[in-house]
Amino acid sequence: MTSGSDTAALARLSLRSRITTIVCVVFLVLTTLLLFEMHNREREMQTRLENALLTSLELNLESLQDVEFQRVEAYARRFQENRELAQGLRDRDADLIDLELVELQAELDPTAAQFVSFDGEFLGGSDDPLVETPILTAEHLDLLRAQGRVTTGLAFGADGSLVHVAAAPLFVQARPVAAAIVISPFQRTTDKLAKGFGSQVLTLSQDGDVLQSSGTAMVEEQQTKISAQATRWGISLLEDDGRFLQIASLPVPSAFLDAPLHVVGVQDASDALYETRIGNAISALALASGLTLFLAFINWSLRHSFFPLNAVIRSLDALSEGKTDQAVNVPKTDDEIGRLAGTFEVFRKSMEARSELERVNRELDVATRIQQQCLPTTFPELAEMSFAADMVPMREVGGDFYDVFDLPSGKIGCVIADVSDKGMGAALFMAISRTVMRAIAASARGPADCVTMVNNYLCVDNDAMLFVTLFYVEIDPNTGAMVFCNAGHNPPVIVGPETEPRYLKFDQGQPALAVWEDFDYEEETGVLNPGETLFCYTDGVTEAMSAELEEYGEARLLEAMRPLMGATPSDQLNAVMKSVSTFTEGAETSDDITCLSIEFKGPSSQSEGAAGQAD
């Protein structure tokens, strides 16, 4: 069971590390089970191969022995069927025995034969060291006489070497008189076995002594080591000086031997074992490489899969600190974590947008208060003149402004302006422009001098590259005389009770403020007749767009002013605003709409009296 400390240690790991650890443990367990199963199967296969090798050796040996036993048995039966030979052996007729041997000697090669009485007397034999003396003991001869049939088996020849033996009792009148013994060297069989087996073949005694060797020559030390572990049936492996010898041992019983012999096949398994070990090493290396690659893939896969989740966590941490700019920048995937990351990014963006909206709203609230404080709420009260003005911003804060103020000269200063941008920046620039305009107008020599100084002031530190179109006019309330300066602004409309609406003509065009520093602006003059109105406006009126993307235009403004001949400034203002609103119905407002209407009523009686006294 997992201890509490192990569980706590596992819990401290990241989810990706825990999954990797679990997968690694499972993979190692499965790999161990697989290796164990592979080892068992390999061992079973090795056992089957060893059994097949041992069976092959056994079958080859039996087959070769059968051939030799059948051959010597055939010769033994021929002797057994030779009646004259049996009588010659009974009568101890050496000449007859030699004659029979001479007749059969050519057919017996490479075998040899001997004749022995059942008393153990050597009666004759081939000229071969293997049969110089009787090779069967008295017990074997008694057994042969008792059985009365041909018997085969292995025995030791007269020179001590192993031989195949076929012993046949010879009878005269149903009485056994002698034994005909035909032999062939066992070395002949083991040589063939070694050639077919592709190895060295040893014949060992029960005690492990090497009786004979066939095949590749082997040093005595190797034979000693092999004989020490080859006296048991089966397969074994012997390591000798860096070489590996595979030993297959078979017991070979015989009717003429007191103890079974062992035929041992010896193969050099060094190359095969080396190849097996190389194969095992390659398999182990492949397994280790596969495990490494598997773990690397698991780690990469989990890292890749958990990357969106980690990005989400980082973004959540940032949100908890009030930061909404920590984006979840991850590739789009269709798995659960990828969809979670995508959904959270949508949520984060909505939060960011909401935060930005709140910031803008706060900014606009401040700008709105600034704008409200900048625009005049009252106008000079004069018997000779009346005023009306209004502004409809595109957003909560516009960049347009207007102003009407008294001048030390007794004239009335009127200004309308349009800042190029919108929002907080435009509102602040508007406030600066209005403040500077008022401050300079009181001491300037005239409109041109005032506008020139305001322009130079606004050009300084204008990193935002804002500019202002402006129309400034100074009107004498006693005469209606006008002195004005236009800086890139729309021309006002003059409308009287009996005259058609017309635009105020400008002799020359001049740039907007804050565009060209040290530009010398020039002023022009005009006059308002009693009852006439100077209607000033910004481009938000003439450039207003309908739902069909059509501009309101200057011609439509004149048409809107035509029914207003003789109307008060307030009525003119309301009518134009309504006309523009009707025209743009269904369309989004594209710019601030600002209007300033200035009516010259004519000189008052006090003004006329003062003028008469002056005369």
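Note that this is a predicted model, so its numbers are computed, not measured. Counting from 1, residues in each chain are numbered in the order their sequence is written. Reporting in this predicted model follows two pLDDT cut-offs: at least 70 for local features of residues, and 80 or more for side-chain atom pairs to be given and counted; totals over whole chains, interfaces and linings ignore these cut-offs and use all residues. Values reported for side chains reflect all heavy atoms of the structure, with hydrogen atoms and water molecules removed beforehand.

### Some remarks on the packing of helix α10 (residues 424-441) against helix α11 (residues 447-459)
- An axis is simply a line fitted to the C-alpha atoms; with a helix, the fit covers only the stretch in contact. Between two such axes, the angle follows the N-to-C directions and lies from 0 to 180 degrees. Secondary structure counts use DSSP, requiring at least four H or I residues in a row for a helix and at least two E residues in a row for a strand, with both numbered from the N terminus. One way to put it is that α10 packs onto α11 with a least axis distance of 10 Å and a crossing angle of 140 degrees. Put simply, α10 runs oblique to α11. In terms of crossing hand, the pair formed by α10 and α11 is right-handed. Here F429, I432, S433, V436, M437, I440 and A441 of α10 come into contact with α11, specifically with C450, M453, V454, Y457 and L458.
- Each residue is assigned to one class: nonpolar for Ala, Val, Leu, Ile, Met, Phe, Trp, Tyr, Cys and Pro, charged for Asp, Glu, Lys and Arg, and polar for all the others, Gly among them. Split into classes, the residues belonging to the contact of α10 with α11 amount to 11 nonpolar, one polar and no charged. Orientation labels follow simple angle bins: below 35 degrees gives roughly parallel, above 145 gives roughly antiparallel, 65 to 115 gives roughly perpendicular, and whatever is left gives oblique. Working rule for handedness: look at the near helix, and if it is turned counterclockwise from the far one by less than a right angle, call the crossing left-handed; if clockwise, right-handed. A contact between two residues is defined here by any heavy atoms of the two lying within 4.5 Å.

### Observations concerning the nonpolar core
- By nonpolar core is meant a set of buried Ala, Val, Leu, Ile, Met, Phe, Trp, Tyr and Cys residues that side-chain atoms within 4.5 Å join together. Note on classification: 1.4 Å probe, protein chains only; a residue is buried when its accessible area is under 20% of the maximum for its type, exposed when over 50%, partly exposed between these limits. L470, Y472, L513, L534 and L596 are the most contacted members of the largest nonpolar core, which has 53 residues in total.
- With eight residues, α10 is the single largest residue contributor to this core.
- Beyond its immediate stretch of four places on either side in the chain, L596 contacts A388, A389, Y402, D403, V404, C414, V415, I416, L534, F535 and C536.
- Judged by nonpolar contacts, the second largest core, of 37 residues, contains L154, L162, A178 and V252.

### Observations concerning the sheet that holds strand β18 (residues 524-527)
- A strand pair is defined by DSSP finding two or more bridges across the two strands. A sheet is described by the order of its strands in space; here five strands give the open sequence β12-β13-β14-β15-β18, paired in antiparallel fashion. On the outer flanks of this sheet lie β12 (400-406) and β18, each paired with one strand and no other. Neighbour to neighbour, the strand axes of the sheet diverge by 20 degrees on average, direction disregarded.
- Note: strand β15 (residues 481-487) against β18, four bridges, orientation antiparallel. Among the inter-strand pairings, V483 is bridged to a residue of β18, identified as T525.
- Docked against the sheet, α10 engages β12, β13 (412-419) and β14 (468-475), running at close to 20 degrees with respect to β12.

### Some details on the pairing of β14
- Of all the eight residues making up β14, eight are buried; the element is thus mostly covered by neighbouring parts of the structure.
- Burial along β14 is two-sided: V468, L470, Y472 and E474 facing one way and T469, F471, V473 and I475 facing the other are all buried.
- As paired strands, β13 and β14 are joined by eight bridges and run antiparallel to one another. Bridge pairing in β14 places V415 opposite Y472.
- Pairing analysis gives five bridges linking β14 to β15, with the strands arranged antiparallel. Residue pairing across strands places V473 opposite F484, the latter belonging to β15.
- In this antiparallel pair of consecutive strands, β14 and β15, the connection spans five residues, and G480 shows a positive phi of 85 degrees.

### Brief notes about the confidence of the model for the protein
- For every residue, the pLDDT score states the predictor's confidence, bounded by 0 at the bottom and 100 at the top. In this model, the protein carries a mean pLDDT of 81, and residues with pLDDT of at least 70 account for 81%.
- The element-level mean pLDDT for the protein is lowest in helix α15 (residues 605-614), coming to 50, with strand β19 (residues 533-537) highest at 97.

### A short note on the sheet that holds strand β10 (residues 261-268)
- With antiparallel pairing, the five strands of this open sheet are ordered in space as β7-β6-β10-β9-β8. Both outer strands of the open sheet, β7 (210-214) and β8 (234-240), are each paired with one neighbouring strand and no more. Averaged over all adjacent pairs, the angle separating strand axes in this sheet is 25 degrees, with direction ignored.
- One ladder, built from four bridges, connects strand β6 (residues 200-204) with β7; its direction is antiparallel. Residue T203 lies in a different strand from β7, and its bridge partner there is Q212.

### Some words on the side chain of E474
- Among the secondary structure elements, E474 is positioned in strand β14.
- Neither His nor the chain ends contribute to the count of charged residues, in which Lys and Arg are positive and Asp and Glu negative. Here, a salt bridge means any side-chain nitrogen of Lys or Arg that lies within 4 Å of a carboxyl oxygen of Asp or Glu. For the buried E474, which has no salt bridge, the nearest side chain bearing the opposite charge is K411, at an N-O separation of 4.6 Å.
- Two N or O atoms form a polar contact when they lie within 3.5 Å of each other; inside protein one atom must be a possible hydrogen donor and the other a possible acceptor, and for residues adjacent in sequence the pair counts only when both atoms belong to side chains. At 2.8 Å, the side chain of E474 forms a polar contact with the side chain of Y472.
- Contacts of E474, omitting those with residues within four sequence positions, involve L407, K411, I412, G446, P447, A481, M482 and V483.

### Observations regarding helix α3 (residues 83-91)
- Among the residues of α3, L85, A86, G88 and L89 are the ones counted as buried. Looking straight down α3, one finds that the buried residues subtend no more than 160 degrees of arc, so they occupy a single side. Exposed and oriented more than 90 degrees from the buried face of α3 are R83 and E84.
- The distance from a side-chain oxygen at the start of α3 to the backbone nitrogen of E84 is 3.2 Å, and the residue carrying that oxygen is N82.
- Following α3 by one or two positions, R92 adopts a phi angle in the positive range, close to 60 degrees. The arc under discussion is defined with respect to the helix axis, by the directions toward the C-beta atoms.

### A word on the pattern of salt bridges
- Under the definition given, this model contains 13 salt bridges.
- For R92, the salt bridge is made with E121, and the minimal N-O distance between the two is 3.2 Å. Here the residue R92 occupies a position in the loop between α3 and α4 (94-108), and E121 occupies one in the loop between β1 (112-116) and β2 (122-125), the gap between them amounting to 29 residues.
- For R92, a relative accessible area of 38% corresponds to the partly exposed category.
- Of the residues examined, E121 reaches a relative accessible area of 39% and is grouped as partly exposed.
- Here E500 makes a salt bridge to R562, at a shortest N to O gap of 2.7 Å.

### Some points on unusual backbone geometry
- The phi angle at Q173 is positive, at roughly 55 degrees, despite the residue not being glycine.
- Within the secondary structure, Q173 is located in the loop between β4 (162-172) and β5 (175-185).
- Residue Q173 is classed as exposed on the basis of its relative accessible area, which comes to 73%.
- Look at A174: it is not a glycine, yet its phi comes out positive at around 65 degrees.
- Within the element layout of this structure, A174 appears in the loop between β4 and β5.

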